[in-house]
Amino acid sequence: MSSRTVLESQQSAIAPTAGRVLAGSWKLDAGRAITLNPRERSVLEISQGRVWLAVGARPGHTDQGTQDMVLVQGQSLVIESGQQVVMESWYLRGGAPGAVAFCWDSVPATSPAADPALDWELGVAQPLRDLVCALGQGGRAVGSAVAATLGASGRLVSGLVRFALHRVVPQRVRVPA
């Protein structure tokens, strides 16, 4: 390990970033190009350097052509799902070519706009339907339990009557003829 590396790692000031990439970023070397094909809505943010971008139209939007643009450190661009982006490190004539660092992350889904009809449906109507359904099921369960209890009570009463009659009424003896 060189003494320069040790000294730079121990410095509290930010060391020169030539040839380095920021942590958490992707690196694109000078003179290189990369093609990005996001499957979901994404954001491309340039962490270091300058890039030239060619952004293609989204599928089904043939009326939109390819857009060329330049992004520099700190700028970002939202890329829709299905768009194709060709990115190349870019430098001014006479300037030294350098590596580019960029972050490419998916954009969290946005919540739908407030809709009073949807709020009513989800907040009142659906819970009311669920309550009516539950009360109906509870009523059927209580009715079934009452019917089963009445049936069992009827069998108990008839069994008690037969038992009492069997004990009270003397047995007839059959006489053979």
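Remember, predicted model here, so these are calculated numbers, not experimental data.

Peer 1: How should I be thinking about the pattern of salt bridges in this particular structure?
Peer 2: Pairing of side chains with opposite charge becomes possible as their charged atoms draw close. Evaluated as defined, the whole model comprises 3 salt bridges. Across the pair E121 and R129 runs a salt bridge, and its minimum N-O distance is 2.3 Å. E121 sits in the partly exposed class, given a relative accessible area of 31%.

Peer 1: How should I be thinking about the nonpolar core in this particular structure?
Peer 2: Side chains of a nonpolar character, in soluble globular proteins, are inclined to be buried together. Judged by nonpolar contacts, the single largest core of 14 residues is most densely connected at L44, I46, V51, L53 and M87. Contributions of two or more residues to this core are made by β3 (42–48), β4 (50–55), β6 (76–79), β7 (85–89) and β8 (100–106). Looking at this core, the element that brings in the most residues is β4, giving 3 residues. Contacts of L53, omitting those with residues within four sequence positions, involve L44, Q67, D68, M69, L71, L77, V85, V86 and M87.

Peer 1: Explanation requested: the environment of Q75 in the structure shown.
Peer 2: Within the element layout of this structure, Q75 appears in the loop between β5 (67–72) and β6. Note: C-alpha distance between Q75 and R50 (25 residues apart in sequence) is 9.5 Å. The residues contacting Q75, other than those within four sequence positions of it, are L44, E45, I46 and V70. Side-chain polar atoms of Q75 contact the backbone nitrogen of V72, separated by 2.9 Å.

Peer 1: So what exactly am I meant to see when it comes to the sheet that holds β7 here?
Peer 2: Taken in spatial order, the 4 strands line up as β2-β7-β4-β5 in an open sheet, and their pairing is antiparallel. The open sheet has two edge strands with one neighbour each: β2 (33–36) and β5. Taken over all neighbouring pairs, the strand axes of this sheet differ in orientation by 25° on average, direction set aside.

Peer 1: What am I meant to see in the sheet that holds β8 here?
Peer 2: Backbone hydrogen bonds are what pair the strands of a sheet, in a parallel or an antiparallel way. If you trace the 4 strands from one edge of the open sheet to the other, you get β1-β8-β3-β6, paired in antiparallel fashion. At either end of the open sheet lies a strand with only one pairing partner, and these are β1 (26–28) and β6. Each neighbouring strand pair of the sheet contributes to a mean axis angle of 30°, computed without reference to strand direction. As paired elements, β3 and β6 share 4 bridges and run antiparallel to each other.

Peer 1: What's the story with the pairing of β7 in this structure? I'm lost.
Peer 2: The two faces of a sheet get side chains in turn, since along a regular strand they alternate between them. Alternating residues of β7 divide into V85, M87 and S89, all buried, and V86 and E88, none buried. When β2 meets β7, the two strands line up antiparallel, connected through 4 bridges. Note on β7: the bridge partner recorded for I34 is M87. Examined bridge by bridge, β4 and β7 share 5 bridges and lie antiparallel to one another. Bridging from a neighbouring strand, W52 pairs with E88 of β7.

Conventions we followed
Residues numbered from 1 in each chain as written. Predicted model: local features only at pLDDT ≥ 70, side-chain atom pairs only at ≥ 80, totals over all residues. Heavy atoms only, no water. Salt bridge = Lys/Arg side-chain N within 4 Å of Asp/Glu carboxyl O. Buried < 20%, exposed > 50% of the residue type's maximum accessible area, 1.4 Å probe, protein only. Core = buried A, V, L, I, M, F, W, Y, C linked by side-chain atoms within 4.5 Å. Helix = DSSP H or I, 4+ residues; strand = E, 2+ residues; numbered from the N terminus. Contact = heavy atoms within 4.5 Å. Polar contact = N/O pair within 3.5 Å; in protein donor to acceptor, adjacent residues only side chain to side chain. Pairing = 2+ DSSP bridges. Axes fitted to C-alpha atoms, helices over the stretch in contact; angles between N-to-C directions.

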